[in-house]
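Close look at the chain arrangement
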Amino acid sequence: MQENYTVCNCMQVSYSDIADALHQHQSFDSVIAAFEDVQKVTHCSTGCGGCHQKVLDIISELMMGSSKNV
Ligand code: FES
C-alpha cells in the first residue's frame, strides 16, 4: 500500500497531507464535514475539482480505519 502520492494535482496535496489534516480533527460525524475541514487546511479540491471523489474516498477510508467505537 503506497501511502504517499499526490491526490490533488492542482493544489499539490498528497495522501499524507490529507491524513495529517484529518488527524487534527477527530470528532467529525460525517465524511462531508471532515472533507470541508480538510479542504480548509490543505486547499485540496479547490481547483478543477477532479479529485473531489478521491479525497472523499480517502477521508472515509481513514475515518473508518481510525475510529474504534463505531
Ligand atoms: S486535482 Fe484537485 S482540484 Fe484539481
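Below you will find a few notes about this structure.

Rules and cut-offs
- Note on numbering: residues in each chain are counted from 1, in written sequence order.
- Given that the model is predicted, a residue must reach a pLDDT of at least 70 before its local features are reported, and side-chain atom pairs must reach 80 or more before they are shown or counted; all residues, however, enter totals for whole chains, interfaces and linings.
- Labels follow the DSSP assignment, with helices taken as runs of H or I lasting at least four residues and strands as runs of E lasting at least two, numbered in each case from the N terminus.
- By this rule the span expected of a helix is its residue count minus one, scaled by 1.5 Å.
- In this scheme the burial state of a residue depends on its C-beta neighbours within 10 Å: 20 or more other such atoms mean buried, 12 or fewer mean exposed, and anything in between means partly exposed; the C-beta positions come from the backbone.
- Taken from the helix axis, the directions to the C-beta atoms give the arc we talk about.
- With axes taken as lines fitted to C-alpha atoms, and helix axes fitted only over the stretch in contact, angles between N-to-C directions fall between 0 and 180 degrees.
- For classification purposes, angles smaller than 35 degrees are called roughly parallel, those larger than 145 roughly antiparallel, those between 65 and 115 roughly perpendicular, and all remaining angles oblique.
- In this scheme the crossing of two helices becomes right-handed for a clockwise turn of the near helix relative to the far one and left-handed for an anticlockwise turn of less than a right angle.
- Any two residues are considered in contact once their C-beta atoms, placed from the backbone, lie within 7 Å.
- Polar here means any residue other than Ala, Val, Leu, Ile, Met, Phe, Trp, Tyr, Cys and Pro, which are nonpolar, and Asp, Glu, Lys and Arg, which are charged; Gly is therefore polar.
- We call a set of buried Ala, Val, Leu, Ile, Met, Phe, Trp, Tyr and Cys residues a nonpolar core when their C-beta atoms link them within 7 Å.

**A look at helix α2 (residues 31–42)**
Because an α-helix packs 3.6 residues into every turn, residues spaced three or four apart end up facing the same way. Over its 12 residues, α2 extends 16 Å from the first C-alpha to the last, a length consistent with the 16 Å expected when each residue adds 1.5 Å. Every buried residue of α2 is accounted for by Ala 34, Phe 35, Val 38, Gln 39 and Thr 42. Along the long axis of α2, the arc covered by the buried residues comes to 135°, so they all point the same way. Exposed and oriented more than 90 degrees from the buried face of α2 are Ile 32, Glu 36 and Lys 40. His 43 occupies a position one or two residues after α2 and carries a positive phi of about 65°.

**Focus: the packing of helix α1 (residues 15–23) against α2**
At a closest axis distance of 9 Å, the pairing of α1 and α2 adopts a crossing angle of 115°. As summarised for this structure, α1 and α2 are arranged roughly perpendicular, according to the angle between their axes. For the pair α1 and α2, the crossing hand works out as right-handed. Here Asp 17, Ile 18, Ala 21 and Leu 22 of α1 lie close against α2, whose contacting residues are Ala 34, Val 38, Val 41 and Thr 42. Taken together, the residues that form the contact of α1 with α2 break down as 6 nonpolar, 1 polar and 1 charged.

**Quick look at the nonpolar core**
In this structure, Val 7, Cys 8, Val 13, Ile 18, Leu 22, Ala 34, Phe 35, Val 38, Cys 44, Cys 51, Val 55 and Ile 59 together form the largest nonpolar core, which totals 12 residues. Broken down by secondary-structure element, the contributors of at least two residues to this core are β1 (6–8), α1, α2 and α3 (52–66). Broken down by element, the residue count for this core peaks at 3 residues, all from α2. If sequence neighbours within four positions are ignored, Ile 59 has contacts with Ile 18, Leu 22, Val 31, Ala 34, Phe 35 and Val 38.

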